[in-house]
Amino acid sequence: MKAGQAEVRTFFLDRDGTLNVKPPDGRYIRCPAELVLLPGAAEAVRELNAGGRRVVLVTNQRGVARGLMTSADLAAVHARLATLLRGHGAFLDAVYVCPHEVGECGCRKPLPGLLKAAMRDFRDIDPADSVMIGDSESDVLAGRAAGTGTVLLQGPGKPRENTVADLVAADLRTAVGLLLTSSKGGRA
Ligand SMILES: [Mg+2]
Ligand SMILES: [Zn+2]
């Protein structure tokens, strides 16, 4: 996350508020039609794909535990996400979801369970050359607990909050631009 640091190889991305427009507090994206990509998000993922980086989605979806949507609804939303990304030449390497209620699992961010599951599935993920990017401090804390670098996305007009993130950026495309540029820093 600093100049001269090893190239970032794995990008863990939050979903709501990072890739797509966040629903209001307490609401969930329950069907494919409600999923709208944020400007520049698909382009950012495409840049990562083109650069040979691994892109792993890690998302809390408590609406499943609350009975507001089913696993099938969630799968349909993620199929729509894949379709929208594909329309921009972009793709996710893997998707990890916490469908649980608060306090009932080890995977709901800010806990690191989703990232750890990915690290078990992809044995070559090294937290030292990974980053977690999201729009909530819980994303930052999950990354930190898993040993990755962290970026908090904070658009203009959002109140500044205290964060332990390594980096703050306005949106995903800006964050990706910064990380891909800084990882070229060691080159002649
Ligand atoms: Mg979010
Ligand atoms: Zn969970």
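Residues numbered from 1 in each chain as written. Chains lettered and ligands numbered in written order. Predicted model: local features only at pLDDT ≥ 70, side-chain atom pairs only at ≥ 80, totals over all residues. Heavy atoms only, no water.

Chemist: It is not clear to me how the overall build of the chain should be interpreted in this structure. Could you clarify?
Modeler: Per the secondary structure count, the chain includes five helices and six strands. When the helices and strands of the chain are placed in sequence order, the string is β-α-β-α-β-α-β-α-β-β-α. Against the compact-globule benchmark of 16 Å for 188 residues, the chain has a radius of gyration of 16 Å, which places it among compact chains. Here the C-alpha coordinates of the chain stretch approximately 55 × 40 × 35 Å along the principal axes. Within the chain, the proportion of its 188 residues that are buried is 48%. Here the chain has roughly 9,000 Å² of accessible surface; of this, 53% comes from carbon and sulfur atoms. Computed over 24 positive and 21 negative side-chain charges, the inter-centroid distance for the chain is 2 Å. (Helix = DSSP H or I, 4+ residues; strand = E, 2+ residues; numbered from the N terminus. Rg over C-alpha atoms; globule rule 2.2 N^0.38 Å. Buried < 20%, exposed > 50% of the residue type's maximum accessible area, 1.4 Å probe, protein only. Areas by Shrake-Rupley, 256 points an atom, 1.4 Å probe, with all protein chains shown as cover. Lys, Arg positive; Asp, Glu negative; His and termini not counted. Charge placed at Lys NZ, Arg CZ, Asp CG, Glu CD.)

Chemist: Whenever I open this one, the coordination of the magnesium ion (ligand 1) confuses me. Can you help?
Modeler: Ideal values for angles at a metal depend on the geometry: 109.5 degrees with four tetrahedral donors, 90 or 180 degrees with six octahedral donors. Within the first shell, the magnesium ion (ligand 1) binds the protein through D14 (OD), D16 (O) and D135 (OD), at distances of 2.1 to 2.2 Å. Each donor residue of the magnesium ion (ligand 1) lies on the same chain, and together they follow the pattern D-x1-D-x118-D. Taken as a pair, D14 in the loop between β1 (10-13) and α1 (41-50) and D135 in the loop between β4 (130-134) and α4 (137-146) lie far apart in primary sequence, 121 residues in all. Each member of the pair, D14 as well as D135, carries the same accessibility label: buried. (Donors = N, O, S within 2.8 Å, 3.2 Å for Na, K, Ca; no water.)

Chemist: What is the right way to look at the coordination of the zinc ion (ligand 2) in this model?
Modeler: Those protein atoms acting as donors to the zinc ion (ligand 2) are C98 (SG), H100 (ND1), C105 (SG) and C107 (SG), and they sit at 2.0 to 2.2 Å. Classification of the site at the zinc ion (ligand 2) rests on its four donor atoms, whose angles at the metal span 102 to 116°, yielding the label tetrahedral. Along the chain, the residues that donate to the zinc ion (ligand 2) are spaced as C-x1-H-x4-C-x1-C. (Tetrahedral: all angles 85-135°; square planar, octahedral: opposite > 155°, others 65-115°.)

Chemist: Even after reading the chapter, I still don't get the UniProt feature "active site" (unreviewed entry) in the chain, so can you show me in this structure?
Modeler: Within the UniProt annotation, "active site" (unreviewed entry) is assigned to D14 and D16. A distance of 2.9 Å separates a polar atom in the side chain of D14 from a polar atom in the side chain of T18. By the element assignment, D16 lies in the loop between β1 and α1. On the basis of relative accessibility, which here comes to 12%, the residue D16 falls in the buried class. (UniProt positions renumbered as here; feature names shortened; annotations may be inferred. Polar contact = N/O pair within 3.5 Å; in protein donor to acceptor, adjacent residues only side chain to side chain.)

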